[in-house]
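Structural description and commentary
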Amino acid sequence: MAGEVVSLEQARRDKEARAAFGRWQRRLGHRPAAQASLADLPDSVLHLLAELGHQATLALYDVVLGVRGLGPGEGYPDLEARTKLEALDVFLFLADQVRFEVMVRLGWLRPGLLRGQSIVKIAKDYREFKAEAGREPLRLTRAYPSYEQVERRMGVEPEAVVRSVIPQALAAFKAALP
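Below you will find a few notes about this structure. Computed from a predicted structure; not experimentally measured.

**With respect to the overall build of the chain**
What the chain contains, in helices and strands, is ten helices and zero strands. Reading the helices (α) and strands (β) of the chain from amino to carboxyl end gives α-α-α-α-α-α-α-α-α-α. On C-alpha atoms alone, the chain measures out to a radius of gyration of 18 Å, which is about the 16 Å that the 2.2 N^0.38 rule sets for 178 residues. When its C-alpha atoms are laid out on the principal axes, the chain stretches across 70 × 40 × 30 Å. Split into buried and exposed, the 178 residues of the chain put 40% on the buried side. Here the contacts in the chain between residues at least 6 apart in sequence split such that 61% fall between residues at least 24 apart.

**Some details on the nonpolar core**
The biggest cluster of nonpolar side chains holds 54 residues, and the ones touching the most others in it are W24, L49, M103 and L140. Not counting residues within four places of it along the chain, the set of residues in contact with W24 comprises G29, H30, R31, P32, L41, V45, L49, A59, D62 and V63.

**A word on the packing of helix α5 (residues 81-106) against helix α7 (residues 126-134)**
The geometry of α5 relative to α7 is characterised by a closest axis approach of 11 Å and an angle of 45° between their N-to-C directions. One finds that α5 runs oblique with respect to α7. When you trace α5 past α7, the crossing you get is left-handed. In this structure, α5 uses E86, D89, V90 and F93 to contact α7, whose residues at the interface are Y126, R127, F129 and K130. Grouping the amino acids of the contact of α5 with α7 by side-chain chemistry returns four nonpolar, no polar and four charged.

**Digging into the packing of aromatic side chains**
Summed over the entire model, instances satisfying the criterion amount to four aromatic pairs. Relative to W24, the ring of F21 lies with its centre 4.9 Å away and its plane at 75°, an arrangement referred to as edge-to-face. Both residues of the pair, F21 and W24, count as buried. Arranged with centres 4.3 Å apart and planes meeting at 5°, the rings of Y61 and F91 form a pair that is stacked. In this pair, Y61 is assigned in helix α4 (residues 54-66) and F91 in helix α5, connecting sequence segments 30 residues apart. In this structure, Y61 and F91 share a single accessibility class: buried. Members of the aromatic cluster, joined through ring pairs, are Y61, Y76 and F91. One Lys or Arg, K84, reaches over the ring of Y76 and ends 5.7 Å from the middle of that ring.

**Some details on the side chain of S118**
Within the fold, S118 resides in the loop between α5 and α6 (119-124). Residue S118 is classed as buried on the basis of its relative accessible area of 6%. Within polar-contact distance, the side chain of S118 engages the backbone nitrogen of V120 at 3.3 Å. Every residue in contact with S118, bar those within four places of it in the chain, is listed here: Q35, A36 and S37.

**So, the environment of M154**
Considering the arrangement of structural elements, one finds M154 in helix α8 (residues 147-156). Residues M154 and R139, spaced 15 residues apart in sequence, show a C-alpha to C-alpha distance of 7.4 Å. In this structure, M154 is in contact with L138, R139, L140 and V161, ignoring residues within four places of it in sequence.

Parameters at a glance
Residues numbered from 1 in each chain as written. Predicted model: local features only at pLDDT ≥ 70, side-chain atom pairs only at ≥ 80, totals over all residues. Heavy atoms only, no water. Helix = DSSP H or I, 4+ residues; strand = E, 2+ residues; numbered from the N terminus. Rg over C-alpha atoms; globule rule 2.2 N^0.38 Å. Buried < 20%, exposed > 50% of the residue type's maximum accessible area, 1.4 Å probe, protein only. Contact = heavy atoms within 4.5 Å. Core = buried A, V, L, I, M, F, W, Y, C linked by side-chain atoms within 4.5 Å. Axes fitted to C-alpha atoms, helices over the stretch in contact; angles between N-to-C directions. Parallel < 35°, antiparallel > 145°, perpendicular 65-115°, else oblique. Left-handed = near helix turned anticlockwise from the far one by under 90°. Nonpolar A, V, L, I, M, F, W, Y, C, P; charged D, E, K, R; others polar. Phe/Tyr/Trp six-rings, centres within 6.5 Å; stacked < 30°, edge-to-face > 60°. Lys NZ or Arg CZ within 6 Å of the ring centre and 35° of its normal. Polar contact = N/O pair within 3.5 Å; in protein donor to acceptor, adjacent residues only side chain to side chain.

In C-alpha cells form, the structure reads like this:
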C-alpha cells in the first residue's frame, strides 16, 4: 500500500487560507484561492472590500485574525488590548492595499511592490511588507484625471496626495462596474 506524501508547509498554508477565507463566500459572494492576491479578485469583490461596509470589514478581519489563529472577524472586539491594536494595524494596512489596487485598476496608480503578493501572506507578514512598501512611495500616473492639479504636491507628499484621491477613485471604480 503506497502512502501519499503530504507537504506540511502546504497543509499549513491551506489551513491559514481556510481560516482567512472560510466566510468570504457568505460575506462577499466569492471565496479566493489560497494563494490569491488582491490583483486576482473580481472587480465586484474588490469594490465591496474597498467600500469597507460591515461584511467587507468582517471579511478583512477574518483574514487578519484567521492567519493568527484568532477566529473569525466578529471576534475582534473581544481581543486583548495589545492583540486588538496589532489586528487594527494589519486591518488598516490591508484596507489601504485594497484601495490602492482599485487605483491601479483605474490606471491612476503605478503598481507597488506588494501587487501580486498573496492576501494571506500580506496579512501574516505585514510588518515586513509595510517596511518594503515604505521604501518606494506611491505615485499617481498621468491617467489620473486631475493629475495637473496635484503634480507639484506629488514631489513633496506623494502618499498624502494618493490618499486624498481615494474617495474619487472609489466613485470612479463603482461607476465603471457593470
